[in-house]
Amino acid sequence: MNDTRHANHARQTMELHHGRMFDHVHLQVRDLEASKRFYRAVLEVMGIPVFNESERHLAADELFLSNDREPTARVHLAFQAKDREMVHRFHQAAVAAGGRDNGAPGERSYHPGYYAAFVLDPDGNNIEMVHHGPAKRSAPSVVYTW
């Protein structure tokens, strides 16, 4: 998108729908223990518990990790932050858990209020945490019960 169109788009009222496109994301990882350490640290910052785990996988909400095939490569995965402080905690925890800095916490030009940090996971995937600024959510999450 050229700069003029991007600027005009950013000024429009935006309505984003989260939680309706993906059922889950499955990442194949090279070193499951290193990836578990990394993603547990990220999940802890977000307050999301691991709900299923074995020596072959880890599952938390929509995220599933396993090492039974070739590693997933060059994925950009963005997690939602409740506030800017969560973005900072994510960056610090992810780097401490074996990730590599790929963009310190700060404002980005994607739209007004876009505040994010980027870390490469143990397999080199670009993991982002983003806070979109002041916004009204219609619900905290989609809840399924059986």
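Residues numbered from 1 in each chain as written. Predicted model: local features only at pLDDT ≥ 70, side-chain atom pairs only at ≥ 80, totals over all residues. Heavy atoms only, no water.

Description of the nonpolar core
Core analysis: the biggest nonpolar cluster contains 28 residues, and Tyr39, Leu65, Phe79, Phe90 and Met129 have the highest contact counts within it. Within the residue set of this core, elements represented by two or more residues are α2 (32–46), β3 (57–60), β4 (63–66), β5 (76–80), α3 (84–96), β7 (115–120) and β8 (126–131). Here the element with the most residues in this core is α2; it accounts for 8 residues. Those residues in contact with phenylalanine 90 that lie beyond four places of it in its chain are Val42, Val45, Ala117, Phe118, Val119, Ile127, Glu128 and Met129. (Core = buried A, V, L, I, M, F, W, Y, C linked by side-chain atoms within 4.5 Å. Buried < 20%, exposed > 50% of the residue type's maximum accessible area, 1.4 Å probe, protein only. Helix = DSSP H or I, 4+ residues; strand = E, 2+ residues; numbered from the N terminus. Contact = heavy atoms within 4.5 Å.)

Here we look at unusual backbone geometry
In this structure, aspartate 61 takes a positive phi of about 45° despite not being glycine. Within the secondary structure layout, aspartate 61 lies in the loop between β3 and β4. The class of aspartate 61 is partly exposed, set by a relative accessible area of 47%. A positive phi is found at arginine 74, a non-glycine position, where the angle reads about 65°. Topologically, arginine 74 is positioned in the loop between β4 and β5. We classify arginine 74 as exposed; its relative accessible area is 80%.

Comments concerning α3
The end-to-end C-alpha separation of α3 is 19 Å, in line with the 18 Å expected for 13 residues at 1.5 Å each. Residues Met86, Val87, Phe90, His91, Ala93 and Ala94 constitute the buried set of α3. At its buried positions, α3 is contacted by α2, β5, β6 (100–107), β7 and β8. Two to three positions downstream of the cap, the backbone nitrogen of glutamate 85 sits 3.3 Å from a side-chain oxygen, assigning the N-cap of α3 to aspartate 83. Trailing α3 by a residue or two, glycine 98 shows a phi angle of about 105°, which is positive. (Expected span 1.5 Å × (residues − 1). Polar contact = N/O pair within 3.5 Å; in protein donor to acceptor, adjacent residues only side chain to side chain.)

Overview of the packing of aromatic side chains
All told, the structure shown has 2 aromatic pairs when counted by the stated rule. With 4.8 Å between their ring centres and 80° between their planes, phenylalanine 38 and tyrosine 39 make a pair best called edge-to-face. Both residues of the pair, phenylalanine 38 and tyrosine 39, count as buried. Considering the side-chain rings of tyrosine 110 and tyrosine 114, the 4.6 Å spacing of their centres and the 85° angle between planes classify their relative orientation as edge-to-face. (Phe/Tyr/Trp six-rings, centres within 6.5 Å; stacked < 30°, edge-to-face > 60°.)

Overview of α2
Compared with an ideal rise of 1.5 Å per residue, which puts 15 residues at 21 Å, α2 spans 21 Å between its outermost C-alpha atoms and is within 8% of the ideal. Residue aspartate 31 occupies the N-cap position of α2, its side-chain oxygen lying 3.2 Å from the main-chain nitrogen of glutamate 33. Glycine 47 sits one or two residues past α2 and shows a positive phi near 75°.

Regarding the side chain of asparagine 125
As for its position among the elements, asparagine 125 is in the loop between β7 and β8. For asparagine 125, a relative accessible area of 1% puts it in the buried group. A polar contact of 2.9 Å, which involves the side chain of asparagine 125, links it to the backbone nitrogen of valine 75. Non-local contacts of asparagine 125, meaning those with residues more than four positions away in its chain, are made with Thr72, Ala73, Arg74, Val75, Val119 and Leu120.

Regarding the sheet that holds β8
Strand order across the open sheet formed by 4 strands is β5-β8-β7-β6, with mixed pairing between neighbours. Each end of this open sheet is capped by a strand with a single partner; those strands are β5 and β6. Averaged over all adjacent pairs, the angle separating strand axes in this sheet is 15°, with direction ignored. Its contacts with the sheet put α2 on β5, β7 and β8, and the angle it makes with β5 is roughly 30°. Packing against the sheet, α3 makes contact with β5, β6, β7 and β8, and its axis sits at approximately 10° to β7. (Pairing = 2+ DSSP bridges. Axes fitted to C-alpha atoms, helices over the stretch in contact; angles between N-to-C directions.)

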